[in-house]
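# Tertiary structure, described
Spelled out, the chains give:
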Amino acid sequence: MTPRAPSPRFWSILTVLIMTCSLALSACGASPQQSAPAPTQGGNVAPPPTSVPATAADAAPQATKRARLIFFGNLEPASIDVITMSGNVNERQVAAQIFETLVYMDQSQQIYPGLARAWKRSEDATVWTFTIAPGVMWHDGTPFTAQSVVDYFEYVRDNPVGSGPGTLKAVINSARVIDETTVELTLTAPRPDLLIELADPGMGIGNASYLKRVGADAGFNPIGTGPFKFKEWVRGSQIVLVRNPDWTWGSPMFRMTSPPLLEEIVFRFTSEAQTRLAALEAGEVDFVDLLPFQDVVRVRADPRFTVTGVLLPGMPQMNYMHTGLPPTNELNVRKAIIYATDKEGIIESVYFNMVEPAYGPLSRVFPEYEPALEQMYEYNPEKAMQLLEEAGWRPGPDGVRVKDGRRLEVVIVENKGWNDWVYVLQANLQAVGFDAKVLTTQGPSNTEAIASGKYHVPAMGDVFASASQMTRDWHSEGYGTFPSGHFLKGEEGARLDAMLKDAESEIDPEQRKQKYRDIQRFIMENALMVPIFELYFYVAHANDLKGFIVDGTGFYKYFASAYFE
Amino acid sequence: MSSMSAYLLQRLLLTIPILLGIVILTFFMVHLTPGDAVSAMQGQMKMSAQQMEQLREALGLNDPLHIQLGRYLTKLIQGDLGRSLFGGQPVALLIASNIGATVQLTVAAMVVAIVIGVPLGILAAIKRGTLWDAASVIIAMIGVSIPSFWLGLMMIQLFAVTLGWLPITENRSARGLIMPAAALGLAEAAIIVRLTRATMVEILNADYVRTARAKGLLDHIVLWRHALRNGLLPLITMIGMQFGTLLGGAVVIENVFARQGLGTLVTQAVINRDFPVVQGCVLVAATMYVLVNLLVDIMYVVIDPRIRYS
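Residues numbered from 1 in each chain as written. Chains lettered and ligands numbered in written order. Predicted model: local features only at pLDDT ≥ 70, side-chain atom pairs only at ≥ 80, totals over all residues.

Secondary structure summary: chain A contains 15 helices and 26 strands in total. Split into buried and exposed, the 565 residues of chain A put 51% on the buried side. Of all intrachain contacts in chain A linking residues separated by at least 6 positions in sequence, the fraction that spans at least 24 positions is 70%. (Helix = DSSP H or I, 4+ residues; strand = E, 2+ residues; numbered from the N terminus. Buried ≥ 20, exposed ≤ 12 C-beta atoms within 10 Å, placed from the backbone. Contact = placed C-beta atoms within 7 Å.)

What follows covers the sheet that holds strand β7 (residues 182–187) of chain A. Each strand in a sheet pairs with its neighbour through backbone hydrogen bonds, running either in the same direction (parallel) or in the opposite one (antiparallel). All names here are of chain A. Strands sit in the order β4-β5-β7-β6 across an open sheet of four strands; the sheet is antiparallel. Each edge of the sheet is formed by a strand with only one pairing partner; in this case those strands are β4 (116–121) and β6 (172–179). Within this sheet the neighbouring strands show an average axis-to-axis angle of 20 degrees, counted without direction. In this structure, β6 lies alongside β7, joined through six bridges in antiparallel fashion. (Pairing = 2+ DSSP bridges. Axes fitted to C-alpha atoms, helices over the stretch in contact; angles between N-to-C directions.)

Here the focus is the nonpolar core. Core analysis: the largest hydrophobic core is formed by 223 residues, its most contacted members being Val-288, Ala-336 and Ile-337 of chain A together with Cys-281 of chain B. Per-domain counts for this core show at least three residues from each of domain 1 (8–42 + 312–533) and domain 2 (81–227) of chain A. (Core = buried A, V, L, I, M, F, W, Y, C linked by C-beta atoms within 7 Å. Domains from an automatic or database assignment.)

Residues and elements named next belong to chain A. In this structure, Pro-327 follows Pro-326 across a cis peptide bond, with omega equal to 5 degrees. Tracing the sequence through the fold places Pro-327 in the loop between β13 (314–320) and α8 (331–340). Here the phi dihedral of Arg-255 falls at roughly 50 degrees; this positive angle occurs in a residue that is not glycine. Note on placement: Arg-255 falls in the loop between β9 (238–243) and β10 (264–269). Its identity is not glycine, yet Asp-404 carries a phi of approximately 50 degrees, on the positive side. Looking at the element boundaries, Asp-404 is found in the loop between β16 (401–403) and β17 (406–407). Judged by the 6 C-beta atoms lying within 10 Å of it, Asp-404 is exposed.

Our focus in this paragraph is helix α6 (residues 273–281) of chain A. Most of α6 of chain A is tucked away: seven of the nine residues are buried. Packing partners of the buried residues in α6 of chain A comprise β1 (68–73), β11 (287–288), β12 (305–311) and β22 (536–542) of chain A together with α7 (148–162) and α10 (219–256) of chain B. Gly-283 of chain A, located one to two residues past α6 of chain A, shows a positive phi value of around 80 degrees.

Residues and elements named next belong to chain B. Axis separation between α10 and helix α11 (residues 262–272) bottoms out at 7 Å; the angle between their running directions is 95 degrees. The orientation of α10 with respect to α11, classified from their angle, is roughly perpendicular. Contacts between α10 and α11 involve Ala-250, Val-251, Glu-254 and Asn-255 on the former and, on the latter, Gly-263, Thr-264, Val-266 and Thr-267. Of the residues contributing to the contact of α10 with α11, the split by class is three nonpolar, four polar and one charged. (Parallel < 35°, antiparallel > 145°, perpendicular 65-115°, else oblique. Nonpolar A, V, L, I, M, F, W, Y, C, P; charged D, E, K, R; others polar.)

Okay, the pairing of β9 of chain A next. For a regular strand, side-chain orientation follows a simple rule: the groups alternate between the two sheet faces. Residue and element names in this part refer to chain A. Sheet topology places strand β8 (residues 228–234) next to β9; six bridges connect them, and they run antiparallel. Its bridge partner being in β9, Glu-232 is matched across the sheet by Val-240. If you look at the hairpin formed by β8 and β9, you'll find three residues sitting between the two strands, and Gly-236 has a positive phi there, around 80 degrees. Summarising the sheet, β9 and β10 pair through five bridges and their orientation is antiparallel. Each residue of the ladder has a partner; that of Val-242, found in β10, is Glu-264.

Strands sit in the order β15-β16-β17 (chain A) across an open sheet of three strands; the sheet is antiparallel. The strands lining the two open edges of the sheet, one partner per strand, are β15 (394–395) and β17 of chain A.

Before going further, it helps to examine the domain arrangement of chain A. Residue and element names in this part refer to chain A. You can read the domains of chain A as domain 1 (8–42 + 312–533) and domain 2 (81–227). Between domain 1 and domain 2, the residue contacts involve six residues of the former and ten residues of the latter. Partitioned by chemical class, the residues of the side of domain 1 that touches domain 2 number three nonpolar, three polar and no charged.

Residues and elements named next belong to chain A. Here Gln-109 shows up in the loop between β2 (103–105) and β3 (111–113). Owing to 15 C-beta atoms within 10 Å, Gln-109 belongs among the partly exposed residues under this scheme. Counting along the chain gives 271 residues from Gln-109 to Asn-380, while the straight-line C-alpha distance between them is 36 Å.

Do not read the predicted coordinates in detail wherever pLDDT is low. All names here are of chain A. Here chain A averages 84 in pLDDT, while 85% of its residues score no lower than 70. pLDDT under 50 marks residues 1–6. Its contacts with residues more than four places away, or in other chains, come to one contact. Across residues 10–57, confidence stays below pLDDT 50; counting only partners more than four residues off in sequence or on other chains, it has 59 contacts. (pLDDT = per-residue confidence, 0-100.)

Bringing the packing of helix α9 (residues 207–214) of chain B against α10 of chain B into the picture now. Residues and elements named next belong to chain B. For the pair α9 and α10, interaxial distance at closest approach is 10 Å and the crossing angle is 150 degrees. In this view, α9 runs roughly antiparallel relative to α10, as classed from their interaxial angle. Crossing geometry of α9 relative to α10 is assigned as right-handed. Here α9 contributes Tyr-208, Val-209, Ala-212 and Arg-213 to the contact with α10, which in turn contributes Val-222, His-226 and Ala-227. (Left-handed = near helix turned anticlockwise from the far one by under 90°.)

Let us now look at the environment of Tyr-7 of chain B. Residue position: Tyr-7 of chain B is located in helix α1 (residues 3–32). The spatial distance from the C-alpha of Tyr-7 of chain B to the C-alpha of Cys-281 of chain B is 28 Å, given a sequence separation of 274 residues.

Below is the structure:
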């Protein structure tokens, strides 16, 4: 009798069992924060990431093989109301299917008509006129009109709770109906990038009269005009949306004038990335968000799935440097930190080469990006030590540099789960004579730590679609989380503030580009940040899922035109 | 009124100050941590300082703590647990829609722990010093050492991804409960094995068991009727105490298996500084814990008629 070879399933089970035993034995000594994970495929170096656009809606799909899409995201929304939502990214992800924005922007940064079929702006970009799409209906069957848009903007302006549209509260002066299909929006200041802001999925037009009538409960039974209607929300489990059969006014971005082919979208959530991935591999879900970097190569090799990596525009992953606290109040110390940071090492050991190095405060995808920054600093520990010597920081008995009896001590702030590079940075700084400590925070405590202004090198990053959003990260008045007022004081701070406000309202594209390049140079010449890497956002989905569209930030997906091939 | 009824009434009345103490303690603990719900919202909403202040005022977060506590207690007495600061949904509704799943998971995990733990512990006691005994010690050691979240992930790999036998995210089916309950219950089973073994070894060496054997009673009668019944008392006490541990473990397991439940709810609420939800969840969990312990006391009487409460 010929012995039968063990089946692949046998080997899979054996592998899992061996893994279980070995990990059980080694679990006690593991130090996850300090250890850099090994490459996933026998030492193979992962291919450099490329910005792969998600499947575009090339032509209007005719049919779908399956009618139910299951999306597995990381955090459950707190609410799905465009006004009261907390800002959790999955709130926008769900809202993007229920609500429609006045305009849309796809991943190529092209603006498309949405609920506004046409628009024009005044010379100084303070008065905007929108022509509203005809025949649009709210999910409750009432008509959507120009008055609905005015009501919405007035609700945003007057409501104390600001979320996505909250950023426009101070900008909206008035909104008025010109005629049945025309709305005029008057702003308090020039806003040349208004369309980009309006295209954010968090700017979906809500039904103000419904919001006033229902209050906060509107977030748990949302009504929009979008391609999918809200069906049910089982807290902690799933949100179910169903096809809106009346939706025939879709944006030209979707290239379809009929209702969606998908009957139902189910959103499920867990912050456990391995569970999300396992559910995809087990065939339970069709789409997973935030694929772990260490699994990208492996999942990409699986013929059942498509992995998409998108460079998220905005402020790259970085560390601010506090200019108001010693020792980072010294320019030489700040520059030394940049020279001492081995970002290539970070990218290889922590991110498996699935991201790319950053050189300044703006992603390279923006036309305003300043390429000259790429030559400004390189990884050079010797240069870092030389700068510290010049500044009078001499090695002490324990290797930590001292000056006037003070140790060269800095605190790096980590937002747990987002800034895994900080431990390599810590080692880099210690290698040139810093006493670098890491303060681990999470969520709100991170916001609190940064806003306290007590720490030297807080880690940060931001995602946005327009260079003008640099204001929220760098202006001293800022928007709470990132007020550079905590980091940049005095005359230089005032100068940066003025530069940002000037650039924000610049209408001429070439002038604007120059002004933002000046800002980037100013920030890096003054060593106000340590650029680390451009953030890539990896998602994986079943191969037969086609036709979904990724928004301008690269983060959100529109499923109106999605189908299974 | 019988002495038992009087005792129960007394115990139930005692829960009121206990729960009140827990409410006040929780209130101060969550308010003493740095930050508030508005700073939590700020993480992604990019509000200006003025907008944040407006929101704090609207939510009453600027009021002195004792005023906020008084307002909370007044509402609590009226049965109102307040509304979530994120989204404004009533806390009672949030808890009501999550508690069933947590109780289901906890009870299932408890069943797994008892069904595996008690027989293995008895076996180890009867066969002490043999390979069976050593095996039970090893199983208990492994069970206690493996973190439940990691065990859950390994189970997912084996039973869902590789074998395709069990679902990962199906919350509503009995099949969807198997892996989470096993992952949560196995560590508790290990503890029960050790305790059952120790208790049974002691009892099997007791004089009255020796007497029973000397009288010629069959082994299984000695074991089930004389030894195990007495051994159950410490076991039940521990199982009651473990209920709290399981509730805590459910927080992690619910996340691993994307299950709805109080764990997921309270974790998110703590991160968001959503005080009313945190307080509501703690109050409910504490009430459940107190009631389970009361149930344990009642079971003492049922199992051992010599025990009388007065």
